[in-house]
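Summary of the model geometry
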Amino acid sequence: MPVVALKDILDRALAARYGVAAFNIVNDLTIEAVLAAAVAEGSPVILQTSVKTVRMYGRPQLHDIFRALVRDVPVPVTLHLDHCPERSVIADCLRGGWNSVLFDAHELDVAENLRQTTEVVAEARAAGAHVEGEIEGIEGVEDDIGSDEASTLQSLEVAVDFIKTTGVDVFAPAIGNAHGQYKSAPKLDHQRVTDLVEATNIPMALHGGTGLSDDQFRDLIARGCAKVNISTAIKESYMRSGLEHLKEAEEKNKWDPPTLFAFQRDAVVRTAREHIALFGGSGKAW
Ligand code: 13P
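Okay, so let's go over this structure. The shown structure was predicted, so the numbers you read here are calculated from the model rather than taken from an experiment.

**A few points about the nonpolar core**
Formed by 84 residues in total, the largest nonpolar core has its most connected members in Phe-23, Val-34, Leu-47, Val-77, Leu-81, Phe-171 and Met-204. Considering every element that reaches this core, the biggest residue donor is helix α2 (residues 28-41), with eight residues. Sequence-distant contacts of Phe-171, defined by excluding residues within four places in its chain, comprise Gly-133, Glu-134, Ile-135, Ala-159, Phe-162, Ile-163, Leu-196, Ile-202, Pro-203, Met-204 and Ala-205.

**Points about the site of the ligand**
Near the ligand there are 15 residues, and of these Asp-82, Glu-142, Gly-208, Thr-210 and Thr-232 occur at the shortest range. In this structure, an oxygen atom belonging to the ligand sits 3.1 Å away from a side-chain N or O atom of His-179. In the complex, the protein chains occlude 100% of the 310 Å² of accessible area that the ligand would expose alone. Secondary structure elements with two or more residues in the shell around the ligand: β3 (77-84) and β8 (225-230). Residues that form the shell around the ligand fall into these classes: two nonpolar, 11 polar and two charged.

**Focus on the packing of α2 against helix α4 (residues 59-70)**
One can describe the packing of α2 onto α4 by two numbers: an axis separation of 10 Å at closest approach and a directional angle of 30°. As α2 runs across α4, the sense of the crossing is right-handed. Every residue of α4 that contacts α2 at Asp-28, Ile-31, Glu-32 and Leu-35 is listed here: Leu-62, Ile-65, Phe-66, Leu-69 and Val-70.

Thresholds applied
- The residue numbers shown here count from 1 along each chain, following its written sequence.
- Side-chain atom pairs in this predicted model are given and counted only at pLDDT of 80 or more, local residue features only at pLDDT of at least 70, and totals for whole chains, interfaces and linings cover all residues.
- Each side-chain value is worked out from all heavy atoms of the structure, with water and hydrogens disregarded.
- Throughout this description, the term nonpolar core refers to a set of buried Ala, Val, Leu, Ile, Met, Phe, Trp, Tyr and Cys residues connected via side-chain atoms within 4.5 Å.
- Here the term buried applies to any residue with accessible area under 20% of the maximum for its type, exposed to any over 50%, and partly exposed to those in between, with areas from a 1.4 Å probe on protein chains only.
- Comment: elements are numbered from the N terminus, with helices defined as DSSP H or I runs of at least four residues and strands as E runs of at least two.
- Here, residues are in contact when the closest pair of their heavy atoms is within 4.5 Å.
- Residue proximity to a molecule or strand is established when one non-hydrogen atom of the residue lies within 4 Å of it.
- Definition of a polar contact: a pair of N or O atoms within 3.5 Å, with one able to donate and the other able to accept a hydrogen when the atoms are protein atoms, and with sequence-neighbouring residues admitted only if both atoms are side-chain atoms.
- Throughout, the Shrake-Rupley method with a 1.4 Å probe supplies accessible areas, and for residues the shown protein chains are the sole cover considered.
- As a working rule, the residues Ala, Val, Leu, Ile, Met, Phe, Trp, Tyr, Cys and Pro are called nonpolar, Asp, Glu, Lys and Arg charged, and the rest polar, with Gly in that last group.
- Fitting a line to C-alpha atoms yields each axis, with helices limited to the stretch in contact; the angle taken between N-to-C directions then spans 0 to 180 degrees.
- When the near helix sits turned anticlockwise from the far one by under a right angle, the crossing is termed left-handed; a clockwise turn instead gives a right-handed crossing.

Shown next as structure tokens:
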């Protein structure tokens with residue numbers, strides 16, 4: 001089984017300053033397609049599940065699907081729980097074989113967030129897993145979690161103290177990034193990434209990857225964003241390719257599910273490969 005710990009993947013990426021794509025997968029087809037893309041690129045990869053996807057399948061069923069599809073994959077893979085404010089879901093996924101979790105407690109005040117994140121880190125350690133932490137909301141609603149309002153920003157000192165006190169393995173800063181498609185080109189606080197990495201020496205997670213420019217990705221990865229989250233782009237290639245195929249099926253009155261699935265798979269593989277290559281992950285599998 002090629003499943004490895006999140007830190008094994010991210011610490012190497014931080015040291016060599018490349019980015020590892022963390023793709024939000026939604027079903028067996030997208031899991032398989034993202035794994036195929038990572039294999040084709042010879043790259044490590046992070047598969048992320050939203051709480052919504054965990055709930056849709058049920059945690060044991062989703063993990064069974066992941067396990068079956070990852071079994072013979074020859075590149076390092078880690079399974080991560082994306083934005084999760086619920087301790088019960090965190091505990092369940094840690095028990096159920098997830099390699100890492102993002103405990104998203106940014107709606108709590110920083111002191112309470114810090115207290116609970118410290119507990120989550122202890123819980124994760126006991127399960128041999130890792131933790132991503134967050135103290136500011138990333139703008140945009142994704143899979144029913146989050147808000148379209150900009151969240152309160154914290155000082156660098158508060159963020160560094162949070163990282164050092166809780167012992168989180170990766171941190172998700174709010175730097176002007178947002179989930180979903182950007183309505184206008186985002187102005188990003190690149191310096192905050194540099195300052196956080198210099199002060200803590202841990203990798204940063206870049207949220208809201210869809211729609212950033214190639215230069216923005218390269219710059220942020222060079223500054224220490226070793227985990228690069230891509231959700232919307234994967235969902236859109238999956239669904240738009242499905243729509244394109246179904247329109248043609250309707251026109252021709254020809255309904256063949258395997259052809260639809262193969263068409264969607266190709267689209268998702270292409271999107272995932274483009275991102276992996278852009279982030280410098282190709283050829284970095286070990
Ligand atoms: P996008 O949907 O903008 O790619 O963001 C993904 C993300 O950050 C998941 O947490």
